[in-house]
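Geometric and topological summary
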Amino acid sequence: MKHVHWTGICFVCLWGVFLTACDDDKWPAIRLADQEDTTLNLWYPYEKDTYSYSLTGGDGTYTAFSYAPDVVGARIVSGKIELNIQGLGYTEVVIRDNSGNSLSLDVHVDHYTQRMLVGRCQVSITGDPEESEREAIEQTALSTIPAEEGGGYKFVFTDKESTKGHVYIYPVKFGEDAVEGDFVTRHLADGEEGTEYGTYFYDLTIDGKKRTFVWTTWNFSGTRNSEVLPVVLLEDVTEQFIADYPDAGAVYTLQKLELLTF
């Protein structure tokens, strides 16, 4: 009788485990509804401090936990994971439900950063100086460009409105031997004075000296076509040449840019 009794108990326990396993299997895995990537790169400070992502899967009884709430706070709001940015750093956020499903998010928080690789440098002279003067102007103007071909810029925005921060200039090779400075961006309306070649400006302070670059596009070929024009940083250096070369007109340096995403 004892043998039968314990056999029955074991059968009931095993049956319960089987039913529980079946119950877990009927719920699909928890995932982000609008993307597969579970690595999130977020910005701080930025125009918004809270990021929200829709969830799908599981049994819908979601809870959320952040391992570094001083970097990112996490909570569930109306079926979505809401991440509130508190500071720079990294954390793992885990979402669980009552069925035993879970989802881990790798959350990286950094300053909003623009990385620009210089692919080509050129000088534009609007006047008609003699050929020897043109060559002298071009050679001198090219030497004033902070970053040559293969070098570049990293703009790290440190304010909530993304209008200012620190700049790292790589004169020869991107990522090496940076010259550090500060920058402020300005956006002028179309038609305002100084917007002939663009409306978005970077005011850089390098070694105590202010220099202004225009973020714009430029047709290097000088021909009309339907291709997308490359983005450049344009600097007006006319004042450096007008006295010695009155026939030169306006002189601009141009840096063709490739925007980097890493």
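Our subject is the structure that appears above.
Report on the accompanying structure. (Residues numbered from 1 in each chain as written. Predicted model: local features only at pLDDT ≥ 70, side-chain atom pairs only at ≥ 80, totals over all residues. Heavy atoms only, no water.)

1. A closer look at the overall build of the protein chain
Defined as follows: Secondary structure elements are defined from DSSP: runs of H or I of at least 4 residues count as helices, runs of E of at least 2 residues count as strands, and each element is numbered from the N terminus. Buried residues are those whose accessible area, probed at 1.4 Å on protein chains only, stays under 20% of the maximum for their type, while exposed residues exceed 50% and partly exposed ones sit between those limits. Note on contacts: a residue pair is in contact if any heavy atoms of the two residues lie within 4.5 Å. What sets the accessible areas is the Shrake-Rupley method with a 1.4 Å probe; for residues, cover comes only from the shown protein chains.
A tally of regular secondary structure across the protein chain gives 2 helices and 16 strands. Put simply, the protein chain has 262 residues, and 37% of those count as buried. Sequence separation of at least 24 residues holds for 52% of the intrachain contacts in the protein chain that already meet a minimum separation of 6. If you sum the accessible surface of the protein chain, you get close to 15,600 Å²; carbon and sulfur atoms cover 51% of it.

2. What about the sheet that holds strand E12 (residues 179-187)?
Test applied: Strand pairing is defined by DSSP finding a minimum of two bridges between the two strands. Only the contacting stretch of a helix is used when fitting its axis, a line to C-alpha atoms as for every element, and angles between N-to-C directions run 0 to 180 degrees.
One closed barrel holds the 8 strands; their spatial order is E9-E10-E11-E12-E13-E14-E15-E16, and the pairing between them is antiparallel. Each adjacent strand pair in this sheet contributes to an overall mean axis angle of 35°, direction not counted. Strands strand E9 (113-125) and strand E16 (251-260) of the sheet are contacted by helix H2 (residues 131-143), whose axis makes an angle of about 165° with E9.

3. Digging into the pattern of salt bridges
As a reminder of what qualifies: Put simply, a salt bridge is a Lys or Arg side-chain nitrogen that is within 4 Å of an Asp or Glu carboxyl oxygen.
All chains considered together, the criterion is met by 5 salt bridges. Between Arg211 and Glu235 there is a salt bridge whose closest N-O contact spans 2.8 Å. Here Glu235 lies in strand E15 (residues 231-236) and Arg211 lies in strand E14 (residues 209-217), a separation of 24 residues in the sequence. Glu235 gets classed as buried once you look at its relative accessible area, which sits at 6%.

4. Thoughts on the environment of Arg134
In this structure, Arg134 sits in helix H2. In the structure, Arg134 is positioned 114 residues away from Ala248 in sequence and 7.6 Å away in space, judged by C-alpha atoms. Those residues in contact with Arg134, other than ones at most four positions away along the chain, are Ile125, Gly127, Asp128 and Pro129.

5. Side note on the pairing of strand E6 (residues 80-85)
Inspection of the sheet shows strand E3 (residues 50-56) paired to E6 by 5 bridges, in the antiparallel sense. Within the sheet, the bridge partner assigned to Ser54 lies in E6 and is Lys80. Where strand E5 (residues 72-77) lies against E6, 6 bridges are found, and the strand directions are antiparallel. Pairing of Ile76 across the sheet is with Ile81, part of E6. Here E5 folds back onto E6, and the loop between the two strands holds 2 residues, one of which, Ser78, carries a positive phi near 55°.

6. Some remarks on the side chain of Ser162
With respect to the secondary-structure elements, Ser162 resides in the loop between strand E10 (152-157) and strand E11 (164-170). Not counting residues within four places of it along the chain, the set of residues in contact with Ser162 comprises Tyr46, Tyr112, Phe157 and Thr185.

7. Considering the environment of Asp182
Applied cut-off: Polar contacts, as used here, are pairs of N or O atoms within 3.5 Å; protein pairs need one atom able to donate a hydrogen and one able to accept it. Residues neighboring in sequence count only if both atoms are side-chain atoms.
Topologically, Asp182 is positioned in strand E12. Look at Asp182 and you get partly exposed, because its relative accessible area is 39%. Within polar-contact distance, the side chain of Asp182 engages the side chain of His166 at 2.9 Å.

8. A few points about the packing of aromatic side chains
Pairs of aromatic rings are described using the distance from one ring centre to the other and the angle between the two planes. Under the convention used in this document: Aromatic contacts are taken between Phe, Tyr and Trp rings whose centres are within 6.5 Å, Trp giving its six-membered ring; a plane angle under 30 degrees counts as stacked, one over 60 as edge-to-face, and the others as tilted. Only when the NZ of Lys or the CZ of Arg is both within 6 Å of the ring centre and within 35 degrees of the ring normal is a charge said to sit over the ring.
One pass over the full model with this rule turns up 14 aromatic pairs. Ring plane angle 55° and centroid distance 6.1 Å describe the contact between Tyr46 and Tyr112, whose orientation is recorded as tilted. Pair noted here: Tyr46 is in the loop between strand E2 (39-43) and E3 and Tyr112 is in the loop between strand E8 (102-110) and E9, with a separation of 66 residues, a long-range link. Taken together, a centroid distance of 5.3 Å and an interplanar angle of 90° make the contact between Tyr200 and Tyr202 edge-to-face. Every member of this aromatic cluster is reached through a ring pair, and the members are Trp43, Tyr46, Tyr112, Tyr153, Phe155, Phe157, Phe183, Tyr200, Tyr202 and Trp215. Sitting above the plane of the Tyr168 ring, Lys154 keeps its charged end 5.0 Å from the centroid. The aromatic ring of Phe201 is capped on one face by Arg186, whose charged end is 4.8 Å from the ring centroid.

9. A word on H2
Put simply, the rule reads: Any helix carries an expected span of 1.5 Å times its number of residues minus one. The arc in question is the one spanned by the directions pointing from the helix axis to the C-beta atoms.
A rise of 1.5 Å per residue sets the reference length of H2, with its 13 residues, at 18 Å; its end C-alpha atoms lie 19 Å apart and thus fit the reference within 8%. Within the span of H2, buried status applies to Arg134, Ile137 and Ala141. Looking straight down H2, one finds its buried side chains confined to an arc of 65°; they lie on one side. The outward face of H2, more than 90 degrees from its buried face, is lined by the exposed residues Ser132, Gln139 and Ser143. Packed against the buried residues of H2 are E9 and E16.

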